[in-house]
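Next come the chains, spelled out residue by residue.
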Amino acid sequence: MSRFIEVPARMLPPDTLNALLEAFVTRQGYDTTDTTGEGMHGWVAELKKQLERNELIIAHDLELEMTEVMTLAQWRSFGRDVADDEEEGDI
């Protein structure tokens with residue numbers, strides 16, 4: 001059984017999805033002080049569009065019981081890092 005599962009965004013309650021996307025915005029260092037007045041709400045709306053286009057994924061780690069939003073590049077890199085750790089016996 002895989003340690004990680006992809007979670008469809010539609011399966012999450014709206015408040016949970018928004019919290020995950022806001023954490024992603026903060027972690028990625030997005031500028032939320034824009035002059036359009038959209039700020040965090042604008043970024044969250046854009047990320048929802050990216051989820052719909054399958055440019056982002058939501059992944060849940062069954063072992064650590066953590067859920068994260070990732071770009072596909074992050075997911076691929078993360079998957080390789082975890083596989084390397086597992087091969088070395090670190091996990």
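Residues numbered from 1 in each chain as written. Predicted model: local features only at pLDDT ≥ 70, side-chain atom pairs only at ≥ 80, totals over all residues. Heavy atoms only, no water.

- The UniProt entry for the protein chain carries the following comment under Sequence similarities (unreviewed entry): "Belongs to the UPF0270 family." (UniProt positions renumbered as here; feature names shortened; annotations may be inferred.)

## Quick look at the confidence of the model for the protein chain
Consideration 1: Scored by pLDDT, the protein chain has a mean of 81; 75% of the residues are at 70 or more.
Consideration 2: Across the protein chain, strand S2 (residues 56-61) holds the top mean pLDDT of 91, while helix H3 (residues 72-88) sits lowest at 64. (pLDDT = per-residue confidence, 0-100. Helix = DSSP H or I, 4+ residues; strand = E, 2+ residues; numbered from the N terminus.)

## Focus on the pairing of S2
Consideration 1: Counting buried residues in S2 gives six out of six residues, a clear majority hidden from the surface.
Consideration 2: Residues Leu56, Ile58 and His60 point to one face of S2 and Ile57, Ala59 and Asp61 to the other, with burial holding for every one of them.
Consideration 3: Pairing of strand S1 (residues 4-6) with S2 involves three bridges; the strand directions are antiparallel. Residue pairing across strands places Glu6 opposite Ala59, the latter belonging to S2.
Consideration 4: Pairing analysis gives six bridges linking S2 to strand S3 (residues 66-71), with the strands arranged antiparallel. Bridge assignment links Asp61 to a residue of S3, and that residue is Met66.
Consideration 5: The hairpin formed by S2 and S3 contains four residues between the paired strands, and Glu65 there has a positive phi angle of roughly 55°. (Buried < 20%, exposed > 50% of the residue type's maximum accessible area, 1.4 Å probe, protein only. Pairing = 2+ DSSP bridges.)

## Brief notes about unusual backbone geometry
Consideration 1: Positive phi is not limited to glycine here, since Asn54 has a value of about 60°.
Consideration 2: By the secondary structure assignment, Asn54 is in the loop between helix H2 (39-52) and S2.
Consideration 3: Its identity is not glycine, yet Glu65 carries a phi of approximately 55°, on the positive side.
Consideration 4: Summarising the element assignment, Glu65 is placed in the loop between S2 and S3.

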